[in-house]
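# Summary of structural features
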Amino acid sequence: MFMAEKGILDIALVTVDLNQGEHRGQPHLAKNPMGRVPVLELDDGRHLSESRAICHYLEGLYPTPNLMGLGFEEQAFIEMADRHIEWNLLLHFASAIRHTHPGLAVLEKPQFPDFGASQQAKAIAAAGIFDKLLQRQPFMAGQRFTIADITAFCCLDFARGLLKFVPAEHGLHALQDWRTRVAARASAASPRAPLLP
Ligand SMILES: N[C@@H](CCC(=O)N[C@@H](CS)C(=O)NCC(=O)O)C(=O)O
């Protein structure tokens, strides 16, 4: 979605089959010893992993539209918003999904369903905090669309597809309205960022 927002079309996408465990063996481990995706392969042969680090690199190469802030002050506030989302919404929803969804059993061994349920409750509580934030401002980091909206949108899309989480059903109407606005962006419909059913 970050690449689609910037109109980056000259980076080839290579699929890594997680269900077959391709990321837990070679050659993937040589690219990222953590055994995770995504990984960006540079022209000089180096490999960059961690989504935010990859976004940082792409922001430098393709500076417009700016998604991570202009100048240290705006960058710091956008990073704060993004990390609030990563550590509260994404971590909890991801743990809930990984520990309760049968489709994730192949990746999360062992699954602890009770832990997953407790994480889902924390994720929904965090969603309430972001709903209050969006009652005061149009986007996650303030007045404009940024990487923080991408992180939150992808997280909610994951939760929508695999946990059937719909903010409005929890009374979170500002979050739902924000989600509707972000879903209408071309980047959300990009074949590079396919929406879950
Ligand atoms: N902090 C990493 C997380 C990467 C991550 O966990 N990716 C998942 C897919 S969304 C993965 O590779 N899972 C493989 C596994 O759990 O074995 C990032 O932001 O890139």
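The model shown is predicted, which means the values in this text are computed figures rather than measured ones.

### Describing the side chain of His99
For His99, the position within the fold is in helix α4 (residues 71-100). Here the side chain of His99 touches Phe112 through a polar contact of 3.0 Å, landing on its backbone nitrogen. Among residues more than four places away in sequence, those in contact with His99 are Glu108, Pro110, Gln111, Phe112, Pro113, Phe115 and Gly116.

### Quick word on the domain arrangement of the protein chain
Under the domain assignment used here, the protein chain contains domain 1 (2-61) and domain 2 (71-188). Each of domain 1 and domain 2 was reduced to a C-alpha centroid, and the two centroids are 22 Å apart. Each partner contributes to the roughly 950 Å² buried at the junction of domain 1 and domain 2, and carbon and sulfur atoms together form 53% of this total. A salt bridge links Arg185 to Glu5, with the shortest nitrogen-to-oxygen separation between them at 2.8 Å. The interface formed by domain 1 and domain 2 contains four residue pairs in polar contact (both at pLDDT 80 or more). In terms of residue count, helix α1 (residues 2-6) provides more of the side of domain 1 that touches domain 2 than any other element does, three residues in total. Grouping the constituent residues of the side of domain 1 that touches domain 2 by class yields four nonpolar, two polar and four charged.

### Considering the site of the ligand
Looking at the ligand, the residues that line it are His23, Arg24, Arg36, Val37, Pro38, Glu50, Ser51, Arg98 and Leu107. Separating a nitrogen atom of the ligand from a backbone N or O atom of Val37 is a distance of 2.9 Å. A distance of 2.7 Å is found between an oxygen atom of the ligand and a side-chain nitrogen or oxygen belonging to Arg98. Here the ligand has 520 Å² of accessible area as a free molecule, and 70% of this is covered by the chains. For the shell around the ligand, the residue count by class is three nonpolar, two polar and four charged.

### Re helix α6 (residues 147-163)
Compared with the 24 Å implied by 1.5 Å per residue over 17 residues, the 23 Å span of α6 between its first and last C-alpha is a close match. Burial analysis of α6 places 13 of its 17 residues in the buried class, the great majority of the element. Just beyond α6, the residue with positive phi is Lys164, at close to 55 degrees.

### What to know about unusual backbone geometry
Put simply, Val37 and Pro38 share a cis peptide bond, and its omega is 5 degrees. Here Pro38 shows up in the loop between α2 (28-31) and β1 (39-41). Going from Lys109 to Pro110, the amide bond is cis rather than trans, its omega being -5 degrees. Mapped onto the fold, Pro110 is located in the loop between α4 and α5 (113-136). Phi angles above zero are rare outside glycine, and Lys164 is one such case at about 55 degrees. Within the element layout of this structure, Lys164 appears in the loop between α6 and α7 (173-183).

### Quick word on the nonpolar core
Ranked by internal contacts, the top residues of the largest apolar core, which has 46 residues, are Leu89, Phe93, Met140, Leu175 and Trp178. The set of elements that each furnish at least two residues to this core consists of α1, α3 (51-61), α4, α5, α6 and α7. In terms of residue count, α6 provides more of this core than any other element does, nine residues in total. When residues are assigned to domains, this core turns out to be shared by domain 1 (2-61) and domain 2 (71-188), each giving three or more.

### Some words on the pattern of salt bridges
Tallying each qualifying case throughout the model produces eight salt bridges. When the shortest N-O distance is used, the salt bridge between Glu108 and Arg98 registers 2.5 Å. With a gap of 10 residues between them, Glu108 in the loop between α4 and α5 and Arg98 in helix α4 connect regions that are remote in the sequence. By relative accessible area, Arg98 is classed as buried at 17%.

### Points about the environment of Ile150
The residue Ile150 is located in helix α6 in this model. Using a relative accessible area of 7% as the deciding quantity, one classes Ile150 as buried. Expressed as a C-alpha distance, the spacing of Ile150 and Leu133, which sit 17 residues apart in the sequence, is 16 Å. Apart from the residues lying within four places of it in its own chain, the contact partners of Ile150 are Met1, Phe2, Glu5, Leu67 and Phe145.

Procedures and definitions
Residues numbered from 1 in each chain as written. Predicted model: local features only at pLDDT ≥ 70, side-chain atom pairs only at ≥ 80, totals over all residues. Heavy atoms only, no water. Helix = DSSP H or I, 4+ residues; strand = E, 2+ residues; numbered from the N terminus. Polar contact = N/O pair within 3.5 Å; in protein donor to acceptor, adjacent residues only side chain to side chain. Contact = heavy atoms within 4.5 Å. Domains from an automatic or database assignment. Buried area = accessible area lost by both parts, 1.4 Å probe. Salt bridge = Lys/Arg side-chain N within 4 Å of Asp/Glu carboxyl O. Nonpolar A, V, L, I, M, F, W, Y, C, P; charged D, E, K, R; others polar. Near = heavy atom within 4 Å. Areas by Shrake-Rupley, 256 points an atom, 1.4 Å probe, with all protein chains shown as cover. Expected span 1.5 Å × (residues − 1). Buried < 20%, exposed > 50% of the residue type's maximum accessible area, 1.4 Å probe, protein only. Core = buried A, V, L, I, M, F, W, Y, C linked by side-chain atoms within 4.5 Å.

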